[in-house]
Amino acid sequence: MQGFMADLLQSRRVRSATVISLLFSCVSSAYAARVVEEVVVTAQKTEQSLQEVPVSISTLDASVVQDAALDDVQDMVQYVPNVKFNSNANIPVIAIRGFGTGLAGRGIESPVGSVIDDVFYGHPSYLNDGVFDIKRMDVLRGPQGALFGKNTIAGVLNFVTEEAGLEGGANL
């Protein structure tokens, strides 16, 4: 009887070890298939890895913009926390972390800067137009006056577009 019990116990151990090894091999192959891509941003006016930038930043790349069919800024900021964009009037109102000009302050410079391909736009009215050929949109939170100039105490919306090619065409 003891030999039978020992054999039964040994076979259970072997089966348990086999099942555990199969589980680990499946899990390791699933993790091996996942590769974290390096996100490169230009938040400090040089190309850096997102993990190296000492700024609170959110980034939407071209694949997110195309997959979700985002064609204007109001659609894009829905994917970014702490950013509000209201374009009910002809002049949009942008707020980052609650800082922005209200509808009553239409003539006042916005505390949120808008940058498209390293060109600073002081007034958010340029953002009412459609956004084409977006490579990346970065939202930098907090004062950015050292790099982007005045009127960026709330943050900056930084748009980077695709380089022009010889083939022609655009991504909508």
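Residues numbered from 1 in each chain as written. Predicted model: local features only at pLDDT ≥ 70, side-chain atom pairs only at ≥ 80, totals over all residues. Heavy atoms only, no water.

## Regarding the pattern of salt bridges
Definition in use: By definition here, a salt bridge exists when the distance from a side-chain nitrogen of Lys or Arg to a carboxyl oxygen of Asp or Glu is within 4 Å. Each residue gets one of three labels from its accessible area relative to the maximum for its type: buried under 20%, exposed over 50%, partly exposed in between, using a 1.4 Å probe on protein chains only.
Under the defined criterion, the tally for this structure stands at one salt bridge. The residue Arg-136 makes a salt bridge to Asp-138 at a minimum N-O spacing of 3.1 Å. Each member of the pair, Arg-136 as well as Asp-138, carries the same accessibility label: buried.

## As for a negative patch on the surface
Applicable threshold: Residues with no salt bridge and a relative accessible area higher than 30% make up the patches, which join like charges within 9 Å and nonpolar side chains (Val, Leu, Ile, Met, Phe, Trp, Tyr) within 5 Å. Here the accessible surface of atoms and residues is derived via Shrake-Rupley with a 1.4 Å probe, and residues count as covered only by protein chains that are part of the display. For the charge count, each Lys or Arg is scored as positive and each Asp or Glu as negative, with His and the chain ends excluded. Where a charge lies is defined by one atom per residue type: Lys uses NZ, Arg uses CZ, Asp uses CG and Glu uses CD. Strands are runs of DSSP state E lasting at least two residues, helices are runs of H or I lasting at least four, and both sets are numbered from the N terminus onward.
A contiguous patch of negative charge on the surface is contributed by Asp-117, Asp-118, Glu-162 and Glu-163. By the secondary structure assignment, Glu-163 is in the segment after strand S10 (155–161). Take Glu-163: its relative accessible area is 71%, and that puts it in the exposed class.

## Focus on the sheet that holds strand S4 (residues 83–86)
Our working rule: Strands qualify as paired when DSSP identifies two bridges or more between them.
Ordered in space as S4-S5-S6, the three strands form an open sheet in which the pairing is antiparallel. On the outer flanks of this sheet lie S4 and strand S6 (99–100), each paired with one strand and no other. Where S4 and strand S5 (residues 93–96) come together, four bridges link them in antiparallel fashion. Considered in S5, the bridge of Val-83 is made with Ile-96.

## Overview of the side chain of Asp-138
Selection criterion: Contacts described as polar in this section are N or O atom pairs within 3.5 Å, which, within protein, must combine one atom able to donate a hydrogen with one able to accept it, while residues neighboring in sequence count only if both atoms come from side chains. Contacts are residue-level and defined by heavy atoms, with any inter-residue pair within 4.5 Å sufficient.
The residue Asp-138 is located in strand S9 (residues 134–141) in this model. A polar atom in the side chain of Asp-138 sits 3.2 Å from the side chain of Thr-59. Setting aside residues up to four positions removed in sequence, Asp-138 forms contacts with Val-41, Thr-42, Ile-57, Ser-58, Thr-59, Val-156, Leu-157 and Asn-158.

## So, the sheet that holds strand S8 (residues 119–121)
As a reminder of what qualifies: Structural elements are reduced to axes, namely lines fitted to C-alpha atoms, with helices fitted over the stretch in contact, and the angle between N-to-C directions of any two is expressed from 0 to 180 degrees.
If you trace the five strands from one edge of the open sheet to the other, you get S3-S9-S10-S7-S8, paired in mixed fashion. In this open sheet, the two strands that pair with only one neighbour each are strand S3 (57–61) and S8. Put simply, the sheet's adjacent strands are angled 20° from each other on average, direction ignored. For S9 and S10, the ladder comprises seven bridges, and the chain directions are antiparallel. Bridging across to S10, Arg-136 finds its partner in Val-160.

## Brief notes about the layout of surface pockets
Our working definition: Every definition here rests on a 1 Å grid over the protein atoms only: cavities are sets of points where a 1.4 Å probe fits but cannot get out, pockets are open sets enclosed by protein on both sides within 12 Å along at least five of seven lines, and lining residues have some atom within 4 Å of a point. Grid points are joined across faces, edges and corners, and a volume is the space filled by probe spheres set on the points. Side-chain classes are defined by residue name, with Ala, Val, Leu, Ile, Met, Phe, Trp, Tyr, Cys and Pro counting as nonpolar, Asp, Glu, Lys and Arg as charged, and the others, Gly among them, as polar.
Taken as a whole, the largest pocket spans an internal volume of roughly 440 Å³. Around the largest pocket, the lining comprises 18 residues; the ones closest to its centre are Val-40, Thr-42, Lys-135, Arg-136 and Val-160. Elements with a minimum of two residues in the lining of the largest pocket: S3, S9 and S10. The greatest single-element share of the lining of the largest pocket, amounting to four residues, is contributed by S10. Of the residues assigned to the lining of the largest pocket, the class counts are four nonpolar, four polar and ten charged.

## Thoughts on the environment of Gly-142
When you line up the elements, Gly-142 lands in the loop between S9 and helix H4 (145–148). Taking C-alpha positions, Gly-142 is 7.4 Å from Ser-56, a pair spaced 86 residues apart along the chain. Not counting the four nearest positions on each side in its chain, Gly-142 is found in contact with Arg-97, Thr-152, Ile-153, Ala-154 and Gly-155.

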